[in-house]
Amino acid sequence: MENLQVIEELIGEINEEVLLYYDYVSPKFKRLLDDLYLQKEATDETLSQSVAITLLQYISEKRTYISVYIYSFLCRYEFSDELMCQYIDFVVRNTHLKANTKFFIYHQIRFLLEENNIPSTQRRYLMWRLYNSSADLFKLDDFKELSMIPKDQRNENLIIIITDKFIEEEDESTLKALECSKAVITDLHKNVLLINTAERLSQKGAVEYYQIHTSEYIQDKIYEQSINWKGVSIPYFQCDNNMPDKATIDTLIDTIEQLKPMCVIDLGRSMLAKLAQNVVPVIEAATTASEIKQKILNIDTKKEIILSICIPSYNRGHRALELIERLMDVPKELEVEFVISNNGSIRNQEGYAKIKEYAKRDERIIYNEFEENQLFLGNFWKVILMANGKYAMLISDEDNVIIENIREYINLLKYNESLGVVRSAGIGAYYSDGGEVYARAGDEAFNKFFLGNNYMTGIIYRTDFITEEFSKKLNETYKDNIAYLYYPHEFVDMYLCLHYDFCKYNLPIFEHGKSEDEVASEIKYRNYESRFAQHTGFTELLAQVQFQSAKAKVRAYTSLCWKTFFLISLRKRYYQNDYTNICDQCKQLCLDSVKQLGLGEMTEAVTADISQIIDKYYNKFCLGE
């Protein structure tokens, strides 16, 4: 009880005067936090919340340094995934932080994450945003224009290895750098320059942290020009503890341009390696001779494309350009390409013009431009049929791709060759975590996936099934089907699921962007008349699909009824007094459309079951029961 009283008193002492002098952490505030930390074992959940609430009220973008200090304390005091995500997002969005300070914070947060070892897909994404926002700030800070050195001008006998932490032989990062350097010299018979950027060793960050230091800076190594390891002499250079420093990075990039190495191996996530990939190929995470050799063989060679990222675009050249520029940061050794089709746009042409220029320099970019608008249906087929990859992922030009997670999806596709459709995960309005799913081809895959894919972004298709003949067949069969006009991808889903396995994978690979459609509420496909017509269109599809059992077809149809009621309910506020009447029409449509399924003479029991399910949906979405 005495300890609890102490904590309450300490919380009560925290106030504006004690806290700071503008954006400086006062000594008294530090002592208060030290006392709170010492008492944390006696803190119950309610008091822990009081500590957090009291401190978080002082978080402000203008109080950058004190805010970071508070976050760093809270993450050590009562670590939570939600708090860490909030902290990372604060740093990403903060406009008062310089690039090197932001990157220093990035490494401090890495330490916190490693210490707590709590996995989170959202947190991984936020860390990727933080890393790239730091790099983007470096590029904006009068950084010189960089261009790729042609293969025939690079020194095939030299490889530069970059690590962000090199302190002593017992350290894992140090051992990795030494063994990698040795493998390149003794097994691949190449020359090496090992660069320690010391980005994780800096003690000169402008932002204070609460009791957190990644490691001590090793001053005596700054003058060493080589490291002896297991009888091998490794040429070595160490940056000073100002890193990441623009002047130092400028000098090192100049050095790489002068030495013209075959490639760079990045053993950490260093700012230098991030920028060096604009000069020479950068290989990530390879340490053994065999790994390095294989990745070197993939450099500058025409390799099999596993994934085509397909972007149908219309009138949003500026957004499409932003997406393509981000995708160009994808490591070149990954088996990906970027396919974009401009659907006869009449606005934002500057962005498309810049993409055409990029396509001339980067063979991974495949660009198409229609003279006249082909509707979404035409552009949808064009980007998929242009794809050279074994799989094609669709993404709207207004959404973002989470680059760091592409590699895992490529591995998923490589090692699961029976997959025909993958519903990837995303961050935003169109994704909810319902658990991972793997379903076998046929009724199982169909029922797991049917109508679960209204939003196009993130869907991944096997391309060998999607041919010109296949597209012509669907276009002819469903030419008068309004559901097909608006949602051709859902029709493709159906056919692929009947032939191949389906997977719902929960690692986010996209983030839903903000729509620029100012009249979204008036889009025709969202009104109830269109939703009724779409219901009829999907019923036509179900009638033509050959199921293995009538039960699977009935299950699919009741899923369609649920979806129709749900979509109608989303616009309830627009219908006002007509909503009940519209719901009555929806119920009757669902009951009448059963006859179109081609189930023959259904038993009274089956008819009664379907009617009961439809009544349940009516009561839920229309009566609120």
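Since the structure is predicted, the reported quantities are computational estimates derived from the model, not experimental observations.

Scoring rules and cut-offs
Residues numbered from 1 in each chain as written. Predicted model: local features only at pLDDT ≥ 70, side-chain atom pairs only at ≥ 80, totals over all residues. Heavy atoms only, no water. Helix = DSSP H or I, 4+ residues; strand = E, 2+ residues; numbered from the N terminus. Buried < 20%, exposed > 50% of the residue type's maximum accessible area, 1.4 Å probe, protein only. Areas by Shrake-Rupley, 256 points an atom, 1.4 Å probe, with all protein chains shown as cover. Disulfide = S-S within 2.5 Å. Phe/Tyr/Trp six-rings, centres within 6.5 Å; stacked < 30°, edge-to-face > 60°. Lys NZ or Arg CZ within 6 Å of the ring centre and 35° of its normal. Pairing = 2+ DSSP bridges. 1 Å grid on protein atoms, 1.4 Å probe; cavity = no way out; pocket = protein on both sides within 12 Å on 5 of 7 lines; lining within 4 Å. Points joined across faces, edges and corners; volume = space filled by probe spheres on them. Nonpolar A, V, L, I, M, F, W, Y, C, P; charged D, E, K, R; others polar. Expected span 1.5 Å × (residues − 1). pLDDT = per-residue confidence, 0-100. Contact = heavy atoms within 4.5 Å. Axes fitted to C-alpha atoms, helices over the stretch in contact; angles between N-to-C directions. Salt bridge = Lys/Arg side-chain N within 4 Å of Asp/Glu carboxyl O.

Trainee: Is there a simple way to explain the overall build of the protein chain in this structure?
Mentor: Tallying secondary structure elements over the protein chain gives 25 helices and 15 strands in all. Of all 625 residues assigned to the protein chain, the portion counted as buried reaches 53%. Here the protein chain has roughly 29,100 Å² of accessible surface; of this, 47% comes from carbon and sulfur atoms.

Trainee: Can you walk me through the state of the cysteines in this structure?
Mentor: Here, disulfide denotes a covalent bond that connects the sulfur atoms of two cysteines. Evaluated as defined, the whole model comprises one disulfide. In this model, C583 is linked to C622 through a disulfide, with the two sulfur atoms separated by 2.4 Å. A torsion of -95 degrees about the S-S bond marks the disulfide between C583 and C622 as left-handed. Of this pair, C583 sits in helix 24 (residues 579-593) while C622 sits in the segment after helix 25 (604-621), and the two are 39 residues apart along the sequence. An identical accessibility class is assigned to C583 and C622; each is buried. The thiol of C85 is unpaired, and the distance to the nearest cysteine sulfur, on C75, comes to 9.9 Å.

Trainee: Would you take a moment to explain the packing of aromatic side chains for this structure?
Mentor: The description of an aromatic ring pair uses the distance of the two centres, along with the angle that the planes make with each other. Under the defined criterion, the tally for this structure stands at 26 aromatic pairs. Seen in terms of ring centroids, F73 and Y210 are 5.0 Å apart; in terms of plane orientation they differ by 85 degrees. Their pairing is edge-to-face. One end of the pair, F73, is in helix 5 (residues 64-77); the other, Y210, is in the loop between strand 2 (191-196) and strand 3 (226-229), and 137 residues separate them in sequence. The pair F73 / Y210 is uniform in exposure class, with both members buried. Look at F566 and F621: their rings are 6.2 Å apart centre to centre, the planes differ by 65 degrees, and that puts the pair in the edge-to-face class. With F566 in helix 22 (residues 550-570) and F621 in helix 25, this residue pair connects regions lying 55 residues apart in the sequence. For F566, a relative accessible area of 30% gives the class partly exposed. Taken together, the ring pairs connect F376, F380, W381, F465, F470, Y495 and Y500 into an aromatic cluster. One cation-aromatic arrangement involves R571 over Y574; the distance from NZ or CZ to the ring centre is 4.3 Å. A cation over a ring is seen here: K587 above Y618, with NZ or CZ 5.0 Å from the ring centre.

Trainee: Would you mind going over the pairing of strand 3 with me for this structure?
Mentor: Each regular strand displays side chains that alternate between the two surfaces of the sheet. Side chains of strand 3 alternate between two faces, with I227 and W229 buried and S226 and N228 left unburied. Pairing between strand 3 and strand 4 (residues 232-238): four bridges, direction antiparallel. Within strand 4, the position partnered with S226 by the bridge is P235. Linkage of strand 3 to strand 4, two consecutive antiparallel strands, is achieved through a turn of two residues, within which K230 is found at a positive phi near 55 degrees.

Trainee: Please clarify how empty space enclosed by the protein should be interpreted in this entry.
Mentor: Leftover empty space is mapped by rolling, across the atoms, a probe with the size of a water molecule. Applying the stated criterion across every chain, the model contains one cavity of 30 Å³ or more. Approximately 70 Å³ is the volume found for the largest cavity. Along the walls of the largest cavity sit N454, Y487, R531, Q534, H535, F538, L560, K563, T564 and L567, which together make up its complete lining. Within the residue set of the lining of the largest cavity, elements represented by two or more residues are helix 21 (528-544) and helix 22. Classifying every residue of the lining of the largest cavity by side-chain character gives four nonpolar, four polar and two charged.

Trainee: Please clarify how helix 15 (residues 375-386) should be interpreted in this entry.
Mentor: Note that an α-helix has 3.6 residues per turn; residues three or four places apart therefore point the same way. Its twelve residues place the ends of helix 15 17 Å apart at the C-alpha level, agreeing with the 16 Å of an ideal helix rising 1.5 Å per residue. Along helix 15, the residues that are buried comprise L377, N379, F380, W381, V383, I384 and M386.

Trainee: Could you clarify how one ought to interpret the pairing of strand 15 (residues 501-511) in this entry?
Mentor: Of all eleven residues in strand 15, eleven are buried; the element is thus mostly enclosed. Where strand 11 (residues 400-401) and strand 15 come together, two bridges link them in antiparallel fashion. In the strand pairing of strand 15, V401 is matched with F510. Note that strand 12 (residues 419-427) and strand 15 share seven bridges and pair parallel. Note on strand 15: the bridge partner recorded for R423 is K504. In this structure, strand 13 (residues 437-439) lies alongside strand 15, joined through three bridges in antiparallel fashion. Directly across from V437, in strand 15, lies its bridge partner K504.

Trainee: Please explain the confidence of the model for the protein chain as it appears in this structure.
Mentor: Detailed reading of the predicted coordinates is not advisable wherever pLDDT falls low. Per-residue confidence for the protein chain gives a mean pLDDT of 83; residues scoring 70 or more make up 87%. Confidence over residues 518-522 falls short of pLDDT 50; this stretch has four contacts with residues more than four positions distant or in other chains.

Trainee: What's the story with the sheet that holds strand 6 (residues 282-284) in this structure? I'm lost.
Mentor: Hydrogen bonds along the backbone pair up the strands of a sheet, which may run parallel or antiparallel. Here six strands make up an open sheet; going across it, the order is 3-4-2-1-5-6 and the pairing mixed. Only two strands of the sheet have a single partner each, and these edge strands are strand 3 and strand 6. Averaged over neighbouring strand pairs, the angle between their axes works out to 30 degrees when direction is ignored. Where strand 1 (residues 155-163) and strand 2 come together, six bridges link them in parallel fashion. Note that in strand 2 the partner of I159 across the bridge is V192.

Trainee: What exactly am I supposed to notice about the pattern of salt bridges here?
Mentor: Side chains that differ in charge, positive against negative, can pair when their charged atoms come close. Under the defined criterion, the tally for this structure stands at 16 salt bridges. In this structure, R440 and D501 form a salt bridge, with 2.9 Å as the shortest nitrogen-oxygen distance. Placement of R440 in the loop between strand 13 and helix 17 (443-449) and of D501 in strand 15 is noted, with a sequence separation of 61 residues between them. Two residues, D464 and R462, come together in a salt bridge whose shortest N-O distance is 3.0 Å.

Trainee: Hey, could you run me through helix 21 in this one?
Mentor: For helix 21, which comprises 17 residues, the first-to-last C-alpha distance of 25 Å matches the rise-based estimate of 24 Å (1.5 Å per residue) to within 8%. Along helix 21, the residues classified as buried are S530, R531, F532, Q534, H535, G537, F538, T539, L541 and L542. Elements in contact with the buried residues of helix 21: helix 17, helix 19 (482-486), helix 20 (488-499), helix 22 and helix 24.

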